[in-house]
Every structure is written in C-alpha cells, then in structure tokens.
Amino acid sequence: MSKNNNYKLSADWSIDSHISSLDKYNELYNESIQDPVGFWSRIAKRISWYKPWNKVRDFDFEKAKIKWFENGKLNVSYNCLDRHVESGDGDKTAIIWEGNNPSEDKKFTYTELLFEVKKLANVLKKLGVEKGDRVCIYMQMIPELSIAMLACSRIGAVHSIVFGAFSADSLRDRINDSSCKILITQDTGVRGKKDNIPMKENADSALFDTPSIKSVVVVKRTGVDVNMVEGRDVWWHEEMNIADDRCDPVHMDAEDPLFILYTSGSTGKPKGVLHTTGGYLVYVSFSHHIIFDYKDGDIYWCTADIGWITGHSYIVYGPLSNCATTIMFEGVPNYPDYGRFWDIVDKYEVNQFYTAPTALRALMKEGNSWVKSRNLDSLRILGTVGEPIKEPEWKWYYEIVGKGRCPIIDTWWQTETGGVLITPLPAATPTKPGSATLPFFGIHPVLMSDDGKEIEGNDVQGLLAIKTSWPGQMRTIYGDHQRFIDTYFSQFPGYYFTGDGAKRDGDGYYWITGRVDDVLNISGHRIGTAEVEGAIGKTNGVAEAAVVGFSHDIKGQGMYAFVTLMTGVDSSNKIRENIIQSVVKEIGPHAKPDNIQFSPALPKTRSGKIMRRILRKVAEGDHDNMGDISTLADPLVVANLISDSAQV
Ligand code: PRX
C-alpha cells in the first residue's frame, strides 16, 4: 500500500464498530458476492415485513428487468415510525429541525412524527389520493417535507420531490411527466439571506398548465400573504387540525413504487428515476447503519437537501428506518456566518457529519478560525458525497475539522443507485485522500474499455460499470422503460453503466475521475448540458449554444457557455442578461452559466457535430494542445474561439 498517502485510524477507534477491520470487511464482502441471495435475505430481516418474499432477486440487465424480494409485503412509514414506537422508542428524537435563523429549531420524537404522518395521510386520502397516485412535493427544508414523504409512503402514494430552487417551468414539466394528482408546497421559503423565496407563487405559475393536479396543500412557513385558489388550494394547518390521527399503513408489495426523483442526463429532458419499496429500504437502512457506523443515541447530520437523492436516502429513509436521530437544516453554511455548520455540530453534539466537497471548499477558503473556535469533540465520522473530493479539502476536513481523529468517508453513488456503492467503512478501510476506496457489500464494480471489455487487474483506468444488481438500484425511468435500457444497459450489454470514469490503483482502490458524458457536476448539482443549451437557445437573438464544464475552485466544475448569435444581433450585456434569465426561468438559478462567450461559429465536424473537446480546452484556458482539428469543417474557428476567450 502506498505509505504516505494512507490514513489508518488507531486501533482503539474500531472497538465495537459494526465492521471493525479490513479482514472483517473482506470476509463479508466475499460472502455478499459469492452468495448474494443468502447475504441479502439475511440483511433484509433488519426491517419488518408483513409477509416474507418468495424470491430474493431476479434480474436480467439485458432486458433491464430488476426485482428484489418479490411478493414480500411491507410499509416504509411503518418501518420508519410505528415499529420504533411499538418497541419502546417512541420518546426518542427522530428529527431535529434547525431553522435558517439560529434561534428557530424544533424536535419531533418518533411518537410525535407518527402522529403528524398519520394525520397528513388522512388529509391526502380526503383529497382523493389513492395507492399508486403520484404526489409532487415542492418545498424548502422544513419538517413538513419529511412528514409529507412518510405520509405518502403510508398510503402507497408515490412522491416526486422537486428541489426548491427549480423554476416554475421545471416544476410544471416534472408534474406533467408523472401526472401528479396533488402538489404539496409552502407559502414562501427562507434560506441564508433570502427571506422570501416565492414557492407558492412559482407553484401557481407552474399550475397554469398541469391538468392532472386536483389540489394543492400549502404549509404556512413564513406567514407571507399568498394567493389561495378557491376549490383547489387548502392550508396544511387547517386540514391537519381536523384530520383523524388513526391511519393504518397500506401493505405494499416490495416492488411497488416508493418515489420518483428527476435527474439530468446527457440528452433530452430530465429522467424520472423510479425507486421501489422493499429493496430500496433494505439497502438504505443497511448502508446507513454500516457506513456511518450508526449506534443508538448517536446524533447524525447530513447537510444535503431532501430535494436530491442524498436527502431521500440519508436524511429520511435510511436514518429513520434505523431509529436514528437525524438533523434537517433549513439554512446554508455561511449564514449568519461561516461558523454555522460548526455551531450546529456543537449545539446538538453531532457524531456523524455528512456534506459535499463544494461546501468544504467554500468554508476552507474562509480560514481555520471559524472551525478552531468551536469545540467539535463530538464528531466521530466525517462523510462526503456528490463529486470528487480533492486532496486539499480532504486534508483540511481530516486535520482541521476532524482534528485527525475522524475517518473521512468519501461515498460514491448516484440518484440511480439509491444508496452508496463505493465507500470506505470507518473502522475498516485505510483511506487515501481523493479515493472512494472499495465497494460496499453486494456491489461488484468493473472498469470497462471503450470496446466493451472488462479491464482486469490493478493500476488501470476505464469506464465504471456494475456487474450485478443490488437491492437499491432504480427499476425504470418513469413512463419510459426503453429509455432506461438505452441509457444504462445498452453501452455494455449485461452491465449497468454509471456514466463515470474511474481508476483502480495498485491496492484495488477506486478513484472516480468524473462524468464521461455531457453531464456537469456544479457544486454537487447534476446538470445536463443539453438542458442548459435548450434554455439558452430560447433567448431571442440566439442562434446556437454549446455548454461545457471547466475546473472551478469552489464549485468543482463551473459552467461555460459558447453562444452564437443570429446574424445582425450584436453581443451586449442585455443579451447576456437575457440568456441568464432564460436559464433561470427554464431550469433555476443553480444552473446559471459562470461564463458566456459569444462566438461567431462553433467548432463543428463536416457532419455538423460540435467538437466539445475543443470547447473544453478553450474553457479551461488550455490553448496549447488542441489535438487533431483536421476533421473540423472550418479549422479557423479555433483561433477565433481562443482570441475571443480573452474577453470573457
Ligand atoms: O459523477 C458522479 C458524482 O455525482 C454523480 C451522481 O450525481 P447524482 O445522481 O446527483 O447523485 C449525487 C449524490 C449521490 C456521479 O455519477 N459523484 C457522486 N459522488 C461522488 C461523485 N464523484 C466522485 N466522488 C464521489 N464521492
């Protein structure tokens, strides 16, 4: 093992950890690969089933058919709530909610949360929601968001959460794609210095064109006056006041849908990733327990937004199914100041802290005093997710935040995978800054060559694929199974293709190198270049646009847009502003380009295909070696692109 880049914790750390050594990891990992059926049938018993399954797994990647725990019956909200109350943990804190303003917080015990969930389930039923109906949730990080998810799962409704920064247009498209019956939202939102995020107003704009929506439930978060549409909109608090608090959980089949979550791909509109009930819950419950070495009484905090998969799996379903205490944070790391994360860690004595590299980079830049002035002794495990973590922020996290005591758990996974697939285990895996290290139990990663062969051995690089199914895997793209096959199973027949590249080093450790398709990862947010290009293309005066990523100190990747204007239209600040406004309208503020370069022409092959590799080089400022440009229809375009880039 490479010596100076290898972090192993002292032996006493691992005493009573769930997986206490690398040998134990290897033993269990080998079992999980050699006997997946035996392994997962044992693990699945950690949750409660009304009726056991009669087949553990059945998958065929060529047809993209994936089933786990077939004919097993269970209910997710029962597993996350009733089960703990029945076994005497009703008084334990389930959710700690920390508001954007440090003076605002709330706690819900398991009993209290169950009470709210049952009532909301009845509200939804009263509004006509039945098993299998889709419910859209468009909210900021308030407790009602988790209550809404659990209430849906209680009655078998399928939730589709739309991240609160998405625009009205994005919300509308997502609602229509899965024909949601109900929308749950809030009056306005607060986040950092923004104290009036117009959630209901955005929802109203979206709802001009969403024929499937029958009712809207509105949470009063800020009390700001909002328009309520007679016969369609109801107030959450009014309905909850009169709702019955008895509601039996529906017995769901393991393969019944639990939720849809839209994510961006390299082409076309966002895909509705569909996760089902049994396999997903088994996977997130088990992985949360092992990866965060969660023990009774621990206070666990994942800083993600529930609008993304990390929040679904590791704020709500994983922790609550494990009877954990999970923190939900409404705010941002720099409000009221750069010490906010660390204040929250000290306030609740957080043991496991899980965040994104982009947040670490932003905080690191502000200096160590924000961290050093806090105690932070409660911290035991520090996780990261969402994008590659580079050595400087890894070391800062390890040395300054964790004071050299806490393992850094760099978890690699995707919306599609449901839970973490490649990760160190805190007491077992020696870590190396920047490597997600080794596969989790039951996961069989492989590196593929461009021509579809598995690359054997170590010290190699290739395209990351997964060879066999795992319980948390997505089952389809909502309403478009063919697209599911085409996107994930056609590149390498018989494998799930991740869209990421990776290296495997001499110790068999994985190092994720990033997306190999046209998907960007901006501050951990996944954004399809095609979507942004489409939005820019709708601006008056724009003829064509191409968007690529470039290295960005804080965001990991920044977004660089090359725009060709129509003949006779001049570049101006006005058109630049219009382009940004179009992106904000079509997608949301998180998808705004960092740089816009106007160029009279884009580099195209004779068949009209844009050569993005050239644009990436220009965006990086790496002008020296453009590679082979002989296939370009007009090689002179390149010199113009380089000279114009000086003005960006
Ligand atoms: O490129 C990988 C990157 O994020 C992509 C998945 O994005 P999303 O579906 O939004 O899910 C993010 C949260 C699970 C992956 O294809 N990614 C995620 N985690 C890591 C990562 N890249 C490097 N290291 C990671 N730990």
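Note: the structure precedes this text.
Draft legend 1. Layout of the site of the ligand. Residues in contact with the ligand amount to 17 residues; listed here are only the nearest, D410, T411, T415, D500 and R526. At 2.8 Å from an oxygen atom of the ligand is found a side-chain nitrogen or oxygen belonging to D500. Expressed as a share of its isolated accessible area of 540 Å², the protein-covered part of the ligand is 95%. Contributing elements (two or more residues each) for the shell around the ligand: α10 (309-321), β20 (408-411) and β25 (510-515).

Draft legend 2. Summary view of the sheet that holds strand β21 (residues 445-448). What the 4 strands build is an open sheet, ordered β21-β22-β24-β25; its pairing is antiparallel. In this open sheet, the two strands that pair with only one neighbour each are β21 and β25. Averaged over neighbouring strand pairs, the angle between their axes works out to 45 degrees when direction is ignored. Relative to β25, strand β24 (residues 496-504) runs antiparallel, the two being bridged by 5 bridges. Bridged to R504 within β25 is Y510.

Draft legend 3. Structural context of the pairing of strand β30 (residues 595-598). Bridge count for strand β29 (residues 556-565) against β30 is 4 bridges, and the pairing is parallel. Across the sheet, the residue bridging to A561 is I596, located in β30. Once you follow β29 into helix α17 (residues 573-586) and on to β30, the crossover reads as right-handed.

Draft legend 4. Molecular detail of the packing of aromatic side chains. Tallied over the entire structure, the rule returns 48 aromatic pairs. On the numbers, 4.7 Å between centres and 65 degrees between planes, the contact of F292 with Y354 is edge-to-face. Pair noted here: F292 is in the loop between α9 (278-291) and β16 (299-302) and Y354 is in strand β18 (residues 352-355), with a separation of 62 residues, a long-range link. Overall, F292 belongs to the buried group, its relative accessible area being 0%. Residue class for Y354 comes out buried when judged on its relative accessible area of 1%.

Draft legend 5. View of the packing of helix α6 (residues 168-177) against helix α7 (residues 199-206). Between α6 and α7, whose axes approach to 8 Å, the crossing angle comes to 55 degrees. Between α6 and α7, the angle is such that the two are oblique. For the element pair α6 and α7, the recorded crossing hand is right-handed. Each of A168, L171 and R172 in α6 lies in contact with α7, whose residues at this interface are N202, A203, S205 and A206. When the residues that make up the contact of α6 with α7 are grouped by side-chain class, the tally is 4 nonpolar, 2 polar and 1 charged.

Draft legend 6. Quick look at the sheet that holds strand β17 (residues 325-329). The strand order across the open sheet formed by 7 strands is β5-β4-β17-β16-β18-β19-β20, and the pairing between neighbours is mixed. One side of each edge strand has no neighbouring strand; the edge strands of this open sheet are β5 (105-109) and β20. Each adjacent strand pair in this sheet contributes to an overall mean axis angle of 20 degrees, direction not counted. Where strand β19 (residues 381-385) meets β20, 4 bridges bridge the pair, whose relative direction is parallel. Following the sheet pairing, V385 is matched in β20 by T411.

Draft legend 7. View of unusual backbone geometry. That bond from Y335 to P336 is cis: its omega, 0 degrees, falls within 30 degrees of zero. For P336, the location among the structural elements is in the loop between β17 and α11 (340-348). A positive phi angle is found at N71, which is not glycine, with a value near 70 degrees. For N71, the location among the structural elements is in the loop between β2 (65-70) and β3 (73-74). Overall, the relative accessible area of 32% leaves N71 in the partly exposed class. Phi at D459 takes a positive value of approximately 60 degrees, unusual for a residue other than glycine.

Draft legend 8. Just helix α3 (residues 76-89), in detail. Most pronounced at D82, the bend in α3 amounts to some 35 degrees. Regarding α3, the residues found buried are V76, S77, Y78, N79, C80, L81, D82, R83 and H84. Those residues of α3 that are buried are in contact with β3, α4 (110-126), α5 (143-155), β14 (257-263), α9 and α10. Backbone nitrogen of S77 and a side-chain oxygen of the N-cap are separated by 2.8 Å at the start of α3; the cap is N75.

Analysis parameters
- Residues numbered from 1 in each chain as written.
- Predicted model: local features only at pLDDT ≥ 70, side-chain atom pairs only at ≥ 80, totals over all residues.
- Heavy atoms only, no water.
- Near = heavy atom within 4 Å.
- Polar contact = N/O pair within 3.5 Å; in protein donor to acceptor, adjacent residues only side chain to side chain.
- Areas by Shrake-Rupley, 256 points an atom, 1.4 Å probe, with all protein chains shown as cover.
- Helix = DSSP H or I, 4+ residues; strand = E, 2+ residues; numbered from the N terminus.
- Pairing = 2+ DSSP bridges.
- Axes fitted to C-alpha atoms, helices over the stretch in contact; angles between N-to-C directions.
- Right-handed = clockwise from strand over helix to strand, strands pointing away.
- Phe/Tyr/Trp six-rings, centres within 6.5 Å; stacked < 30°, edge-to-face > 60°.
- Buried < 20%, exposed > 50% of the residue type's maximum accessible area, 1.4 Å probe, protein only.
- Parallel < 35°, antiparallel > 145°, perpendicular 65-115°, else oblique.
- Left-handed = near helix turned anticlockwise from the far one by under 90°.
- Contact = heavy atoms within 4.5 Å.
- Nonpolar A, V, L, I, M, F, W, Y, C, P; charged D, E, K, R; others polar.
- Bend = angle between axes of the 7 residues up to and from the residue.

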